[in-house]
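Geometric and topological summary
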Amino acid sequence: MNLQPVKMGLQRMTCPEHHEHPEVTIVGDEIQLKCCCERFKATLVEESKSLLAKAAKDELEKQIKKIFK
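Given the structure is predicted, the values throughout are model-derived calculations rather than measurements.

When you go through the protein residue by residue, the secondary structure sums to two helices and two strands. Order of helices (α) and strands (β) in the protein, N terminus to C terminus: α-β-β-α. Taking the principal axes of its C-alpha atoms as reference, the protein extends roughly 50 × 20 × 15 Å. When the 69 residues of the protein are sorted by exposure, 23% land in the buried category. In the protein, once contacts between residues fewer than 6 apart in sequence are set aside, the share between residues at least 24 apart is 37%.

And the structure:
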């Protein structure tokens, strides 16, 4: 699965307390987060769940369209 859209979505977020963006890296099939505080990291983890679900859905739709071409 392509994790780049998830990475881009997370990098756009800003910490409401410190006004900083996170450092998001992809290692294999894992997303690593480096940010200013634990509160913001928890927010990023929650957001990543919805972004991963959307990426998985998009990937499945793409594969199904390929099958039925």
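Bringing the nonpolar core into the picture now. Counting eleven residues, the largest nonpolar core is built from Val 6, Leu 10, Met 13, Cys 15, Val 24, Leu 33, Cys 37, Phe 40, Leu 44, Leu 51 and Ala 55. Mapped by element, the contributors of at least two residues to this core are helix H1 (4–11) and helix H2 (38–67). Ranked by the residues each element gives to this core, the list is headed by H2, at four residues. Not counting residues up to four positions away in its chain, the partners in contact with Leu 51 are Val 6, Gly 9 and Leu 10.

It is at 9 Å that the axes of H1 and H2 come closest, and there the two elements cross at 145°. For the pair H1 and H2, the sense of crossing is right-handed. Between H1 and H2, the residues in contact are Val 6, Gly 9 and Leu 10 and Leu 44, Glu 47, Ser 48, Leu 51, Leu 52 and Ala 55, respectively. A breakdown of the residues in the contact of H1 with H2 according to their chemical character gives six nonpolar, two polar and one charged.

As a further point, take the pattern of salt bridges. If you walk through the whole model with that rule in mind, you get four salt bridges. With a shortest N-O distance of 2.9 Å, Asp 58 and Lys 54 are connected by a salt bridge. With Asp 58 and Lys 54 both in helix H2 and four residues apart, this pair spans about one turn of that helix. Look at Lys 54 and you get partly exposed, because its relative accessible area is 48%.

So, how was this worked out
Residues numbered from 1 in each chain as written. Predicted model: local features only at pLDDT ≥ 70, side-chain atom pairs only at ≥ 80, totals over all residues. Heavy atoms only, no water. Helix = DSSP H or I, 4+ residues; strand = E, 2+ residues; numbered from the N terminus. Buried < 20%, exposed > 50% of the residue type's maximum accessible area, 1.4 Å probe, protein only. Contact = heavy atoms within 4.5 Å. Core = buried A, V, L, I, M, F, W, Y, C linked by side-chain atoms within 4.5 Å. Axes fitted to C-alpha atoms, helices over the stretch in contact; angles between N-to-C directions. Left-handed = near helix turned anticlockwise from the far one by under 90°. Nonpolar A, V, L, I, M, F, W, Y, C, P; charged D, E, K, R; others polar. Salt bridge = Lys/Arg side-chain N within 4 Å of Asp/Glu carboxyl O.

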